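# Secondary and tertiary structure notes
Read off the chains here:
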Amino acid sequence: MRPFLAMHLSRQPQPRYLQLAAQLREELRHLQPGDQLPGEVQLATRFAVNRHTLRRAIDELVSEGRVLRQQGRSTRVLARPLIYPLAAGSAYSESLSAQGHGVQARLLQRQLRSATPEEADHLKLGEGATLLELHTLRLLDQQPVSLIRHRFCASRQVLLEDYNGGSLRQYLAERQLPLHRAFSLIGARLPTSDEADQLLMPRHAPLLTVLTLSHDLAGRPVELSLSTSRADRFQYQVAT
């Protein structure tokens, strides 16, 4: 009886919410990032299901990073992940612009503060040295995707005083300070409330973090950056 039972169980139909999720997943292929799904009542009526079943189906799409449900607002279609190559000379804006995306960087904050022991070690500074830290928000096709903290020795303050947004790598290269990546350390975690709000993402979705040390052409450390990016928008490709 065991083989018969196994065969019988394998023919059990999928739960209705999974069937519905598959239907919605197929329909998303014909929508653009940023498009809004119809309201829950409208979708439940169309598919002849109750709202609980519909919500479970949409939960599947949210967990896959295909849509974003915003409290009190509509559910929006998200873009599929982009591939960003992590190589010594790769630059965020140039790499993604080359893929046909509109890239923006907004300067959110500029501050001076004391370096942590780890930061001082990476940048070859004395203990308690002062850092210049720039906070930027990166947008792709007008959608927020990354928050980046750029740390420099405070002696770079004059060089960076005119930076108000855009590609920081390009800004520095135009001022005779081209940089290349010495190393990148990739991690993952959940966003804080502020990060989730700024990146328009759910609190349960993961962030990708990348700690990067960049050197000048003489091999001297110049910048230590920490980017936090929506994991549903990025896949990092490590060059060998």
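Just so it is clear, the structure is predicted and the values come from calculations on it, not from any experiment. (Residues numbered from 1 in each chain as written. Predicted model: local features only at pLDDT ≥ 70, side-chain atom pairs only at ≥ 80, totals over all residues. Heavy atoms only, no water.)

## Some details on the overall build of the protein chain
Our working rule: Secondary structure counts use DSSP, requiring at least four H or I residues in a row for a helix and at least two E residues in a row for a strand, with both numbered from the N terminus. Think of it in three bands: with a 1.4 Å probe and only protein chains considered, a residue is buried below 20% of the maximum accessible area for its type, exposed above 50%, and partly exposed in between. Two residues form a contact once any of their heavy atoms are found within 4.5 Å. A 1.4 Å probe and the Shrake-Rupley method give the accessible areas. Residues count as covered only by the protein chains that appear here.
A tally of helices and strands in the protein chain yields eight helices and 10 strands. Split into buried and exposed, the 240 residues of the protein chain put 40% on the buried side. Nonlocal contacts in the protein chain, meaning residues at least 24 apart in sequence, comprise 58% of its contacts between residues at least 6 apart. As displayed, the protein chain offers around 13500 Å² of accessible surface, 51% of which is attributable to carbon and sulfur atoms.

## Comments concerning the nonpolar core
Considering soluble globular proteins, one finds that nonpolar side chains tend to be buried as a cluster. To keep things clear, this is the line we draw: By convention a nonpolar core is built from buried Ala, Val, Leu, Ile, Met, Phe, Trp, Tyr and Cys residues, the set being connected through side-chain atoms within 4.5 Å.
With 16 residues, the main nonpolar core has Leu 20, Leu 24, Leu 54, Ile 58 and Val 67 as its most contacted residues. Elements represented by at least two residues in this core include exactly α2 (16-28), α3 (40-47) and α4 (51-63). In terms of residue count, α4 provides more of this core than any other element does, five residues in total. Counting 12 residues, the second-largest nonpolar core is a separate cluster that includes Tyr 163, Leu 168, Leu 177 and Val 222.

## Quick notes on the sheet that holds strand β4 (residues 103-114)
We apply this condition: We treat two strands as partners when DSSP finds at least two bridges between them. Between the N-to-C directions of two axes lies an angle of 0 to 180 degrees, each axis being a line fitted to C-alpha atoms and, for a helix, fitted only over the stretch in contact.
Spatially, six strands are ordered β4-β5-β6-β9-β8-β7 in an open sheet, and the strand pairing comes out antiparallel. Each of the sheet's edge strands pairs with one partner strand only, and the pair in question is β4 and β7 (180-189). Direction aside, neighbouring strands of the sheet carry axes that sit 20° apart on average. As paired elements, β7 and strand β8 (residues 207-215) share nine bridges and run antiparallel to each other.

## What to know about the layout of surface pockets
Gaps left between atoms show up when a probe the size of a water molecule is rolled over them. Put simply, the rule is: Residues are said to line a cavity or pocket when one of their atoms sits within 4 Å of a point; the points come from a 1 Å grid over protein atoms alone, cavities being sets where a 1.4 Å probe fits but cannot get out and pockets being open sets with protein on both sides within 12 Å along at least five of seven lines. Grid points are joined across faces, edges and corners, and a volume is the space filled by probe spheres set on the points. Gly is put with the polar residues, along with every residue not named as nonpolar or charged; the nonpolar set is Ala, Val, Leu, Ile, Met, Phe, Trp, Tyr, Cys and Pro, and the charged set is Asp, Glu, Lys and Arg.
Within this model, the largest pocket holds a volume of roughly 230 Å³. Lining the largest pocket are Leu 108, Gln 109, His 135, Thr 136, Leu 147, Ile 148, Arg 149, Arg 189, Glu 195, Gln 198, Leu 226 and Thr 228. Looking at the lining of the largest pocket, the elements with two or more residues in it are β4, β5 (130-140), β6 (143-153), α8 (193-199) and β9 (221-230). Partitioning the lining of the largest pocket into residue classes produces four nonpolar, five polar and three charged.

## Quick notes on the pattern of salt bridges
How we decide: The rule for a salt bridge is simple: a side-chain nitrogen of Lys or Arg has to be within 4 Å of a carboxyl oxygen of Asp or Glu.
Evaluation of the coordinates by the stated rule reveals 12 salt bridges. With a shortest N-O distance of 3.4 Å, Glu 133 and Arg 149 are connected by a salt bridge. Of the two residues, Glu 133 sits in strand β5 while Arg 149 sits in strand β6, which places them 16 residues apart along the sequence. The class for Glu 133 is buried, based on a relative accessible area of 1%.

## Quick word on the packing of α2 against α4
Our working definition: Reported orientations rely on four angle classes, namely roughly parallel under 35 degrees, roughly antiparallel over 145, roughly perpendicular from 65 to 115, and oblique for the rest. Crossing handedness is read from the near helix: turned anticlockwise from the far helix by less than a right angle, it gives a left-handed crossing, and turned clockwise, a right-handed one.
Where α2 meets α4, the axes come as close as 8 Å, and the angle between the chain directions of the two elements is 55°. Of the possible angle classes, the one that applies to α2 and α4 is oblique. In this structure, α2 meets α4 at a crossing whose hand is right-handed. Residues Arg 16, Tyr 17, Leu 18, Leu 20, Ala 21, Leu 24, Arg 25 and Leu 28 of α2 form the contact with α4, whose own contacting residues are Thr 53, Leu 54, Arg 56, Ala 57, Ile 58, Glu 60 and Leu 61. For the contact of α2 with α4, the residue count by class is 10 nonpolar, one polar and four charged.

## Some words on the packing of aromatic side chains
Where we set the bar: Aromatic pairs are defined between Phe, Tyr and Trp rings, using the six-membered ring for Trp, whenever the two ring centres lie within 6.5 Å; interplanar angles under 30 degrees are classed as stacked, those over 60 as edge-to-face, and all others as tilted. We call a charge positioned over a ring when the NZ of a Lys or the CZ of an Arg lies within 6 Å of the ring centre and within 35 degrees of the ring normal.
A complete count under the given rule lists one aromatic pair for this structure. With 5.5 Å between their ring centres and 80° between their planes, Tyr 163 and Tyr 171 make a pair best called edge-to-face. In this structure Tyr 171 comes out as buried when scored by relative accessible area, which is 8%. Seen from the ring of Tyr 17, Arg 56 lies directly overhead, with NZ or CZ sitting 3.8 Å from the centre. Over the ring of Tyr 171 we find Arg 175; its NZ or CZ atom is 3.6 Å from the centre of that ring.

## What to know about α4
Quick reminder of the rule: The span expected for a helix works out to 1.5 Å for each residue beyond the first. Two N or O atoms count as a polar contact when they lie within 3.5 Å, although within protein this holds only if one can serve as hydrogen donor and the other as acceptor, and sequence-adjacent residues are included solely when both atoms are side-chain atoms.
Across its 13 residues, α4 extends 18 Å between first and last C-alpha, which sits within 8% of the 18 Å expected from 1.5 Å per residue. Buried within α4 are the following residues: Thr 53, Leu 54, Ala 57, Ile 58, Leu 61 and Val 62. The inward-facing, buried residues of α4 contact α2, α3, β1 (67-69) and β2 (75-77). At the N-terminal end of α4, a side-chain oxygen is found 3.2 Å from the backbone nitrogen of His 52, two or three residues along, and the residue is Asn 50.

## A closer look at the pairing of β9
Burial of β9 is extensive: eight of the 10 residues sit out of reach of the surface. With seven bridges joining them, β6 and β9 adopt antiparallel strand pairing. Note on β9: the bridge partner recorded for Phe 152 is Glu 223. Bridging between β8 and β9 involves nine bridges; their strand directions are antiparallel.

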